[in-house]
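Here is what each chain is made of, one letter per residue.
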Amino acid sequence: MTQKIVPQQYAGQRPPKGWVPPLDAVLTLLGVYDNLSGFWVGLPLQALTEALLVAEALHTEDRVDERDKVELTVANGTAKDTVKTKEYEIPSGEVWYFNRLNLVTEAEISGNIRISKFPKSGSLDKTYLGTDLAASQDVDYDLGAAGELGADLRLVGGDKVTVVATVTAVGGTTADRKVTLNPFGRKSTRLV
């Protein structure tokens, strides 16, 4: 016997009186909308939230790529161990899913990324990398991979990504130096 999956054909309305799904159908009814009261009946909030998160992740409105880069310049003559930061805030009402972060450092400076959604480390946002990326590096972090997050990084309006540069050269910088974060992923409309 082949099982059929019957979509919820009656979302937002009551099924017709006496409606019964076919015997060989698999039907998962999350809830029923009561037109009289204006409420969903029998729908657990967690089930709705999970369904909306899945829908949100699949609904792509735009691509996030190197056009959305965050670039931090450290001026020539900046002393050793000086830390500079540049912050980018996700726009209100949007949700961004990052699947890869590319971090590029130039000579004489190391780099890191702070994510406001992560737990705090003292009074600062926790860094993504346990140790700074050394000078003169260009590294991709595929967030869905084992050893990384294992999934896309979901950031909502108001969340911040901060690029961190630390001068590592003993005599300080001998020219303007940059740390660049190139995020990759997608933008969506926030549902949850």
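Residues numbered from 1 in each chain as written. Predicted model: local features only at pLDDT ≥ 70, side-chain atom pairs only at ≥ 80, totals over all residues. Heavy atoms only, no water.

**Student:** Explain the nonpolar core to me, please; I cannot follow it from the model alone.
**Tutor:** Across soluble globular proteins, you tend to see nonpolar side chains buried next to one another. Core analysis: the largest hydrophobic core is formed by 26 residues, its most contacted members being F98, L103, I113, I115, Y128 and L181. Only β6 (70–74), β8 (94–105), β9 (109–115), β13 (153–156), β14 (160–167) and β15 (177–189) provide two or more residues apiece to this core. (Core = buried A, V, L, I, M, F, W, Y, C linked by side-chain atoms within 4.5 Å. Buried < 20%, exposed > 50% of the residue type's maximum accessible area, 1.4 Å probe, protein only. Helix = DSSP H or I, 4+ residues; strand = E, 2+ residues; numbered from the N terminus.)

**Student:** In this structure, what is going on with the side chain of N182? I would like to understand it.
**Tutor:** Its location among the elements puts N182 in strand β15. Residue contacts for N182: discarding those within four places in its chain leaves E66, K69, R100, L101, N102 and V104. (Contact = heavy atoms within 4.5 Å.)

**Student:** Just checking my understanding: could you explain the packing of aromatic side chains for this structure?
**Tutor:** All chains considered together, the criterion is met by four aromatic pairs. A ring pair is formed by W96 and F98, whose centres lie 6.1 Å apart and whose planes are at 75 degrees; its orientation type is edge-to-face. By the burial criterion, W96 is buried, and F98 matches it. Grouping aromatic residues by their ring pairs yields a cluster made of Y88, W96 and F98. One cation-aromatic arrangement involves R100 over F184; the distance from NZ or CZ to the ring centre is 4.0 Å. (Phe/Tyr/Trp six-rings, centres within 6.5 Å; stacked < 30°, edge-to-face > 60°. Lys NZ or Arg CZ within 6 Å of the ring centre and 35° of its normal.)

**Student:** Help me understand the sheet that holds β14, please; the structure alone is not making it clear to me.
**Tutor:** Backbone-to-backbone hydrogen bonds join strands into a sheet, with any given pair of strands oriented parallel or antiparallel. Read across the sheet, three strands follow the order β7-β14-β9 without closing on themselves; strand pairing throughout is antiparallel. What marks the edges here is a single partner per strand, and that holds for β7 (83–89) and β9. Neighbour to neighbour, the strand axes of the sheet diverge by 20 degrees on average, direction disregarded. Note: β7 against β14, seven bridges, orientation antiparallel. Along β14, the bridge assignment pairs Y88 with V161. (Pairing = 2+ DSSP bridges. Axes fitted to C-alpha atoms, helices over the stretch in contact; angles between N-to-C directions.)

**Student:** Would you mind going over the environment of L133 with me for this structure?
**Tutor:** Note that L133 resides in the loop between β11 (124–125) and β12 (138–142). Taking the C-alpha atoms as reference points, L133 and S110, separated by 23 residues in sequence, lie 5.4 Å from one another. With sequence-adjacent residues up to four places away left out, L133 is seen in contact with L103, T105, S110, G111, V139 and Y141.

**Student:** Quick question: what am I supposed to make of a nonpolar patch on the surface here?
**Tutor:** Taken together, the side chains of L53, L191 and V192 make up a nonpolar region of the molecular surface, amounting to roughly 200 Å² of accessible area. Relative accessible area serves as the criterion here: at 31%, L53 is assigned to the partly exposed category. (Patch = residues over 30% accessible without salt bridge, like charges linked within 9 Å, V, L, I, M, F, W, Y side chains within 5 Å. Areas by Shrake-Rupley, 256 points an atom, 1.4 Å probe, with all protein chains shown as cover. Salt bridge = Lys/Arg side-chain N within 4 Å of Asp/Glu carboxyl O.)

**Student:** When you look at the pairing of β9 in this model, what are you seeing that I'm missing?
**Tutor:** For β9, the tally of buried residues reaches seven of seven residues, placing the bulk of the element in the interior. Here β9 shows two buried faces, one formed by I109, G111, I113 and I115 and the other by S110, N112 and R114. By the bridge criterion, seven bridges tie β9 to β14 in an arrangement that is antiparallel. Within the sheet, the bridge partner assigned to I115 lies in β14 and is V161.

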